[in-house]
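Structural description and commentary
Below are the chains, spelled out letter by letter.
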Amino acid sequence: VVVSRVMILGDAQFAPIGLCNMYNGGGAVSTVSASGSNNKRTVDVTLRGCGTFLAYSSVQPEQVTCNGLTLEFEYDAAACALHVDIPHTDDLR
């Protein structure tokens with residue numbers, strides 16, 4: 001079970017759950033921050049590891065990036081679930 005604080009971002013809500021393929025996937029979330037205005041928000045999540053990242057997001061994101069690379073993602077509107085495959089990089093901690 002992972003408990004994550006839900007961030008209120010104007011009319012949107014976001015909560016990082018973690019990496020699905022890890023035993024303690026919530027522990028892979030190092031930091032979370034948000035910036036921008038109500039019309040355009042950016043959420044930055046720092047992870048320790050790679051694999052499938054899961055987050056609660058009340059709205060579908062326009063774009064997901066990792067270290068400057070645009071990534072494909074799956075969004076389930078009924079469950080407010082955002083899935084992103086995070087690739088392995090050399091700078092993982």
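Preceding this paragraph is the structure being described.
Notes on the structure in this doc start here.

Cut-offs applied
Residues numbered from 1 in each chain as written. Predicted model: local features only at pLDDT ≥ 70, side-chain atom pairs only at ≥ 80, totals over all residues. Heavy atoms only, no water. Pairing = 2+ DSSP bridges. Helix = DSSP H or I, 4+ residues; strand = E, 2+ residues; numbered from the N terminus. Axes fitted to C-alpha atoms, helices over the stretch in contact; angles between N-to-C directions. Salt bridge = Lys/Arg side-chain N within 4 Å of Asp/Glu carboxyl O. Buried < 20%, exposed > 50% of the residue type's maximum accessible area, 1.4 Å probe, protein only. Core = buried A, V, L, I, M, F, W, Y, C linked by side-chain atoms within 4.5 Å. Contact = heavy atoms within 4.5 Å. Polar contact = N/O pair within 3.5 Å; in protein donor to acceptor, adjacent residues only side chain to side chain.

**What about the sheet that holds strand β2 (residues 12-19)?**
In spatial order, the strands read β1-β2-β5-β9-β8; together these five strands make up an open sheet with antiparallel pairing. In this open sheet, the two strands that pair with only one neighbour each are β1 (7-9) and β8 (73-76). Adjacent strand axes in the sheet meet at a mean angle of 25°, parallel and antiparallel pairs treated alike. As judged from the four bridges shared by β8 and strand β9 (residues 81-86), these two strands associate in the antiparallel manner. Paired with Phe73 across the strands is Val84, a residue of β9.

**Topic: the pattern of salt bridges**
Scanning the entire structure with this criterion turns up one salt bridge. For the salt bridge of Glu62 with Lys40, the shortest nitrogen-to-oxygen distance reads 3.3 Å. Highlighted residues: Glu62 in the loop between β5 (51-57) and β6 (64-66) and Lys40 in the loop between β3 (29-36) and β4 (41-47), separated in sequence by 22 residues. Owing to a relative accessible area of 52%, Lys40 belongs among the exposed residues under this scheme.

**So, the pairing of β3**
Sheet analysis places β3 next to β4, joined by seven bridges and oriented antiparallel. Across the sheet, residue Ser35 finds its bridge partner in β4, namely Thr42. Joining the antiparallel neighbours β3 and β4 is a turn of four residues.

**Some points on the nonpolar core**
As a rule of thumb, nonpolar side chains are buried together in soluble globular proteins. Ranked by size, the top nonpolar core spans 18 residues in total, and within it Phe14, Leu47, Phe53, Leu71, Leu82, Val84 and Ile86 carry the most contacts. Of all the secondary-structure elements, those providing two or more residues to this core are β1, β2, β5, β6 and β9. Excluding its chain neighbours within four sequence positions, the residues that come into contact with Leu82 are Phe14, Phe53, Leu54, Ala55, Ser57, Pro61, Phe73, Glu74 and Tyr75.

**Describing the side chain of Ser57**
Within the secondary structure layout, Ser57 lies in strand β5. At 2.6 Å, the side chain of Ser57 and the backbone oxygen of Val59 are in polar contact. The residues touching Ser57, leaving out its near neighbours within four places in the chain, are Gln13, Phe14, Tyr75, Cys80 and Leu82.

**Points about unusual backbone geometry**
Positive phi, normally seen in glycine, also occurs at Asn67, with a value near 50°. Along the chain, Asn67 falls in the loop between β6 and β7 (69-71). Of note in the backbone geometry, Cys80 takes a positive phi value of approximately 55° without being a glycine. Relative to the helices and strands, Cys80 is located in the loop between β8 and β9.

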